[in-house]
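Chain and residue survey
The residues making up each chain are set out below.
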Amino acid sequence: MELIQETLDLSAYLAADDTIDHHHPRVRETAARLAREAEDSYAYARLAFEFVRDTIPHSQDSGDLRVTWRASDVLEQGTGICYAKAHALAALLRAEDIPTALCYQNLGVVHGLVAVRFNGAWHRQDPRGNKPGVDAQFSLGAERLAFTPDPASNEMDYPVLYAAPHPVVLGVLKAAPDRPYLWKTLPTAL
């Protein structure tokens, strides 16, 4: 699949906003801690991915009822669904000047990922969190995502790389008072 940038301006994939708030002290502090352990930007990207994947539980897996959407809140509260975890990873990567896009799959409901830009190409990553049957890994080679869409079930990868969260995704996150409500309102398409 050919990934398509929403905008040709790479600086858009480094920008901060209300959701990808990489200027926030919590994000900066976490990024600085991870950067001290990394010898280069590739190692930093892998560490940031593993940090979000492994230390911030997916709220459905952990049973956490809270809904987070802002990157700093995900890091502070230590919980989030796929979209929120993607926002946190995007903020950590952008904090260290690594262009990062938000991207999505349709798996019956919309699933959130990120794409990082290294060596002139985009590489999708899924920080959702591993569990039995899910083994997402950081890779700049063959993708190691949590899920593979089944075209026979009308599932698909969306090719667009967004600089900011898709408005449909952000809208359902912000409107949800808790995760059970969110689960009933997850978007089924973009």
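Summary of the structure given here.

What counts, and where the lines are drawn
- Residues numbered from 1 in each chain as written.
- Predicted model: local features only at pLDDT ≥ 70, side-chain atom pairs only at ≥ 80, totals over all residues.
- Heavy atoms only, no water.
- Helix = DSSP H or I, 4+ residues; strand = E, 2+ residues; numbered from the N terminus.
- Buried < 20%, exposed > 50% of the residue type's maximum accessible area, 1.4 Å probe, protein only.
- Salt bridge = Lys/Arg side-chain N within 4 Å of Asp/Glu carboxyl O.
- Phe/Tyr/Trp six-rings, centres within 6.5 Å; stacked < 30°, edge-to-face > 60°.
- Lys NZ or Arg CZ within 6 Å of the ring centre and 35° of its normal.

1. Quick notes on unusual backbone geometry
Of note in this structure, Asp 97 is not a glycine but carries a positive phi near 60°. Checked against the element boundaries, Asp 97 lands in the loop between helix H5 (82–95) and strand S2 (100–106). For Asp 97, a relative accessible area of 62% gives the class exposed. Even without glycine at this site, Asn 119 takes up a positive phi of about 55°. By the element assignment, Asn 119 lies in the loop between strand S3 (110–118) and strand S4 (121–125). Residue classification places Asn 119 among the exposed positions, given a relative accessible area of 79%.

2. Re the pattern of salt bridges
Any two side chains of opposite charge can pair, on the condition that their charged atoms come close. The final tally for this structure, using the stated rule, is nine salt bridges. Between Glu 50 and Arg 46 there is a salt bridge; the shortest N-O distance is 3.3 Å. Taken as a pair, Glu 50 and Arg 46 lie in helix H2 (residues 41–55) at a separation of four residues, close to a single helical turn. Residue Glu 50 is classed as partly exposed on the basis of its relative accessible area of 25%. In this structure, Asp 135 engages Arg 144 in a salt bridge whose closest nitrogen and oxygen atoms are separated by 3.1 Å. For Asp 135, a relative accessible area of 42% puts it in the partly exposed group. On the basis of relative accessible area, Arg 144 is assigned to the partly exposed category, the value being 37%. Shared partners join several salt bridges into a network, and the residues in it are Asp 61, Arg 128 and Lys 131.

3. Regarding the packing of aromatic side chains
Applying the stated criterion across every chain yields a total of five aromatic pairs. Residues Tyr 42 and Phe 118 carry aromatic rings whose centres are separated by 6.3 Å and whose planes lie at 75° to one another, so their mutual orientation is edge-to-face. Taken together, the residues span a long stretch of sequence, with Tyr 42 in helix H2 and Phe 118 in strand S3 at a distance of 76 residues. Using a relative accessible area of 10% as the deciding quantity, one classes Phe 118 as buried. Among the aromatic side chains, those forming a connected cluster through ring pairs are Tyr 42, Phe 49, Phe 118 and Phe 138. Sitting over the face of the ring of Trp 69, Lys 174 holds its NZ or CZ atom 4.6 Å from the ring centroid.

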